[in-house]
Amino acid sequence: MSASKRPVPRRRSSARRPAPPVSRRAEQIPYTTPDGPARALGQRRVFALMVLVLCIAAVILCIAAAVRLAGGGSLTGSADTPDAAQPVTTSVTFASARGTNLHATVTVPDSILPDPDATPAPEGESAGAEVPLVVMCHGFTGDRDGDGHFQPMADALAQQGIASIRVDFAGNGESEEPFTAYTLESIYDDIESAITYMRGQYTIGQIGLVGHSMGGRAVSLHLSDAIAAAALWSPANGNGLDGVEFLDHTPEGREQMLQDALSAGSYTLSGWSTPSSPDSVTISSEFLEQMDVSHPADHIRDYKGALLIAFNGGDQELLSQTTIDDTLQAAKDRGLPFTDLSDQFGNANHNYQSLAGDEEETKAISESIEGQTVDFLVQALLPADTDVAA
């Protein structure tokens, strides 16, 4: 009988079994050197920091835009803007149409100042690029500072390439004349004298006017095709003798004032003052006669240029609601659009300062009325494609 064969045990193969398949998630992890994880963590931190910085910048821009919208306007241009023209302000004295000295402040963009190395222009001729001009007119017993509003506006206008001039009207500010020389005719002459003076110094283009209170009435009476833009701040535009309602609130009182002035040649007002007359001012009979026959609303209705009108919450202490309504209605009767700011300054007094006397509120009111007026004048007096740096 033959012996049976014993089964031979199978030897294990020395070959390694294939590794289990790697999951898709694991395949997506990039290969890194031993310090790779630390480096990747640093990169993620840098990216997160960049996102945070961008978010903070976006928030700041949004807040700035909201502040601008809430304020209703801002002074156009900035002295810190490299391409902006720089304002140059000087005090000047020149002759009025009456032969008296007019004291004024001129602010112009430095880009129009003559080159000292250039050949002088012939006598009687101005040199340099054409520049628009704005004449700023203060109110009764005011001065060319315009309650602090005119210089900031002049600076902002100059940064946009617009010149400006403002005069102390007869009997006001540094004027050498008595207050009795303050009449509608003398104010008209002084505005024209200021324009003539500037034309003798520079090449003047389009002309705009800004007037506050009685200055607003003077501007209204000065409107013509020669004036491209006019801004009226709380104009004392009552019809005829109603224009002095800020001196006496009753028709009977105003009529008596006129009769007394006609009889004596003048009328003294206590409670009003100027630097040269601190206790009272004396108006002439001519002033009241000219007020009596003047009708500002008629001039507004006939005016075809750009127009801005502003009134405020404190105006009714000096101006009647009839005056305010008639002025706005005259602007509407033109059949042309105009900039109406009559509902934006309920918390302001007649001089566009805080009714409550709050400094921060006064600052906000000032920046708003000044900024919106500057924007209006820039749009009206400069071509849309004007390069400020030119």
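Quick caveat: nothing in here was measured; it's all calculated off a predicted structure. (Residues numbered from 1 in each chain as written. Predicted model: local features only at pLDDT ≥ 70, side-chain atom pairs only at ≥ 80, totals over all residues. Heavy atoms only, no water.)

Draft legend 1. Focus on the sheet that holds strand 5 (residues 203–212). With mixed pairing, the eight strands of this open sheet are ordered in space as 1-2-4-3-5-6-9-10. Only two strands of the sheet have a single neighbouring strand rather than two, namely strand 1 (87–95) and strand 10 (339–340). In terms of strand pairing, strand 6 (residues 229–233) meets strand 9 (residues 306–310) through five bridges, oriented parallel. Of the residues in strand 9, the one forming a bridge with Leu232 is Ile309. Strands in contact with helix 4 (residues 184–201) are strand 1, strand 2 (101–109), strand 3 (130–137), strand 4 (163–167) and strand 5; relative to strand 4, the strand with the most contacts, it is inclined by about 140 degrees. (Pairing = 2+ DSSP bridges. Helix = DSSP H or I, 4+ residues; strand = E, 2+ residues; numbered from the N terminus. Contact = heavy atoms within 4.5 Å. Axes fitted to C-alpha atoms, helices over the stretch in contact; angles between N-to-C directions.)

Draft legend 2. Molecular detail of the nonpolar core. By size, the foremost hydrophobic cluster in this structure holds 62 residues, and its most contacted members are Phe140, Ile165, Met198, Met214, Ile283, Phe287 and Leu288. Here the element with the most residues in this core is helix 4; it accounts for six residues. When sequence neighbours within four positions are dropped, the list of residues in contact with Met214 reads His138, Gly139, Phe140, Tyr182, Leu184, Ala236, Phe246, Phe287 and Met291. Counting residues in each nonpolar core, the second largest holds 27 residues, with Met136, Ala156, Val210 and Leu382 among its members. (Core = buried A, V, L, I, M, F, W, Y, C linked by side-chain atoms within 4.5 Å. Buried < 20%, exposed > 50% of the residue type's maximum accessible area, 1.4 Å probe, protein only.)

Draft legend 3. How the structure looks around a negative patch on the surface. A surface patch of negative charge is lined by Glu185, Glu255, Glu286, Glu289 and Asp292. It is helix 7 (residues 285–292) that provides the largest number of residues to the negative patch, a total of three residues. The topology assignment puts Glu185 in helix 4. Taking relative accessible area as the criterion, Glu185 reaches 53% and is therefore assigned exposed. (Patch = residues over 30% accessible without salt bridge, like charges linked within 9 Å, V, L, I, M, F, W, Y side chains within 5 Å. Areas by Shrake-Rupley, 256 points an atom, 1.4 Å probe, with all protein chains shown as cover. Salt bridge = Lys/Arg side-chain N within 4 Å of Asp/Glu carboxyl O. Lys, Arg positive; Asp, Glu negative; His and termini not counted. Charge placed at Lys NZ, Arg CZ, Asp CG, Glu CD.)

Draft legend 4. Structural context of the pairing of strand 6. Taking burial as the measure, the five residues of strand 6 include five buried ones, the bulk of the element. Going residue by residue along strand 6, you find Ala229, Ala231 and Trp233 tucked away on one face and Ala230 and Leu232 tucked away on the opposite face as well. As a crossover connection, the stretch from strand 5 through helix 5 (residues 214–222) into strand 6 is right-handed. (Right-handed = clockwise from strand over helix to strand, strands pointing away.)

Draft legend 5. Summary view of the environment of Cys137. In this structure, Cys137 sits in strand 3. Distance in space between the C-alpha atoms of Cys137 and Asp190 is 9.8 Å, their sequence separation being 53 residues. Residue contacts for Cys137: discarding those within four places in its chain leaves Phe150, Phe169, Ile191, Val210, Gly211, His212, Gly215 and Val219.

Draft legend 6. Broad picture of the packing of aromatic side chains. One pass over the structure, following the stated rule, counts twelve aromatic pairs. The interplanar angle of 85 degrees and the centroid separation of 5.1 Å between the aromatic rings of Phe140 and Trp272 together place this pair among those described as edge-to-face. A residue pair is termed long-range when its members are at least 10 positions apart, and Phe140 in the loop between strand 3 and helix 3 (150–159) and Trp272 in the loop between strand 7 (266–270) and strand 8 (280–284) qualify at 132 residues. Relative to Tyr352, the ring of Trp233 has its centre 5.7 Å away and its plane inclined at 55 degrees; by these criteria the two rings are tilted. In this pair, Trp233 is assigned in strand 6 and Tyr352 in the loop between strand 10 and helix 10 (359–381), connecting sequence segments 119 residues apart. The exposure classification of Trp233 matches that of Tyr352, with both residues buried. Ring-pair connections join several aromatic residues into one group, and the members of that group are Phe140, Phe179, Tyr182, Phe246, Trp272 and Phe287. (Phe/Tyr/Trp six-rings, centres within 6.5 Å; stacked < 30°, edge-to-face > 60°.)

Draft legend 7. Structural context of the pairing of strand 5. Strand 5 sits mainly inside the fold: eight of its ten residues count as buried. The sheet contact formed by strand 3 and strand 5 spans seven bridges and is parallel. Considered in strand 5, the bridge of Glu130 is made with Thr203. Sheet topology places strand 5 next to strand 6; five bridges connect them, and they run parallel. Paired with Gly208 across the two strands is Ala229, which belongs to strand 6.

Draft legend 8. Inspection of helix 5 at higher detail. Within helix 5, nine of the nine residues are buried, leaving the element largely enclosed by the surrounding structure. For helix 5, the complete set of buried residues consists of Met214, Gly215, Gly216, Arg217, Ala218, Val219, Ser220, Leu221 and His222.

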